Amino acid sequence: MEDIIARCAADMQEVAASGKVTLEAQVRAYDLLQYLSEEWTCVPDAAALAFRRVYQEYGDTLESAYDAESLKEELKAALDPIRHSVNELRFEAAAAASLHEFAKEVWQTWQTSGIFARRRALRDLRERAGFRLESHRIGNYVAKTYDLANEAQMKFGHAQQLLFAADVTYKCRPGVYRDIYDVLTSSVDDRPSS
């Protein structure tokens, strides 16, 4: 806890020097505020006092250094590669689902049609599948393509969860350092005197 508070105090000094709040510093401060809102009773007095001193010195600079557009651009740059990966996995999942549906159609053709239609359907499935299909084991390929479709969908779902976890837009709001200061001030003032 002391390390996080000290790091946020150092972030305030860096913001005052550079005149810009970075996304990393903003997220760290928001996370600290969340933690303090839930567990403020365990804040060491020395850490709280050190943070309050730094805020008293640089608080006005922090408010003017907050730039929502800059944070949005920084976040967009961080999320773009993840979004690209999610889109690629979305297409792979759709292609795998399409292949499975086609394998089911070929299976139906195999069960109900003549030899020429069966051979044509099997040839088309082999071309789309990208792996060798044996004509006497056609039913196994319905199951195999089903497994491939499920695996692709799981990868896509996992990538979506990573994107949702990485999107910290809600943590980008002004006044977080002031709110931390207020919580740390009230936590010291509310403690019983010994």
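Note that this is a predicted model, so its numbers are computed, not measured.

A.B. asks: Can you walk me through the pattern of salt bridges in this structure?
C.D. replies: Side-chain pairs of opposite charge can arise whenever the charged atoms involved come near each other. For the coordinates displayed, the defined rule picks out 12 salt bridges. Residue Arg28 is joined to Glu24 by a salt bridge in which the shortest nitrogen-to-oxygen separation is 3.4 Å. Of the two residues, Arg28 and Glu24 are both situated in helix H2 (residues 23–39); the distance of 4 residues between them amounts to about one turn of the helix. Arg173 is paired through a salt bridge with Asp179; the nearest N and O atoms lie 3.1 Å apart. Its relative accessible area of 30% is what places Arg173 among the partly exposed residues. Ionic contacts of the salt-bridge type, sharing partners, join the residues Arg7, Asp11, Glu14, Glu24 and Arg28 into one network.

A.B. asks: Teacher, can you tell me more about the packing of helix H1 (residues 2–18) against helix H3 (residues 45–65) here?
C.D. replies: Between two packed helices, both the angle of their axes relative to each other and the distance between the axes serve to describe the pair. For the pair H1 and H3, the least separation of the axes is 8 Å and the interaxial angle reads 30 degrees. One element, H1, and the other, H3, form an angle in the roughly parallel class. H1 and H3 meet at a crossing whose hand is left-handed. Here Glu2, Ile5, Cys8, Ala9, Met12, Gln13, Val15 and Ala16 of H1 come into contact with H3, specifically with Ala47, Phe51, Val54, Tyr55, Tyr58, Thr61, Leu62 and Ala65.

Rules of the game
Residues numbered from 1 in each chain as written. Predicted model: local features only at pLDDT ≥ 70, side-chain atom pairs only at ≥ 80, totals over all residues. Heavy atoms only, no water. Salt bridge = Lys/Arg side-chain N within 4 Å of Asp/Glu carboxyl O. Helix = DSSP H or I, 4+ residues; strand = E, 2+ residues; numbered from the N terminus. Buried < 20%, exposed > 50% of the residue type's maximum accessible area, 1.4 Å probe, protein only. Axes fitted to C-alpha atoms, helices over the stretch in contact; angles between N-to-C directions. Parallel < 35°, antiparallel > 145°, perpendicular 65-115°, else oblique. Left-handed = near helix turned anticlockwise from the far one by under 90°. Contact = heavy atoms within 4.5 Å.

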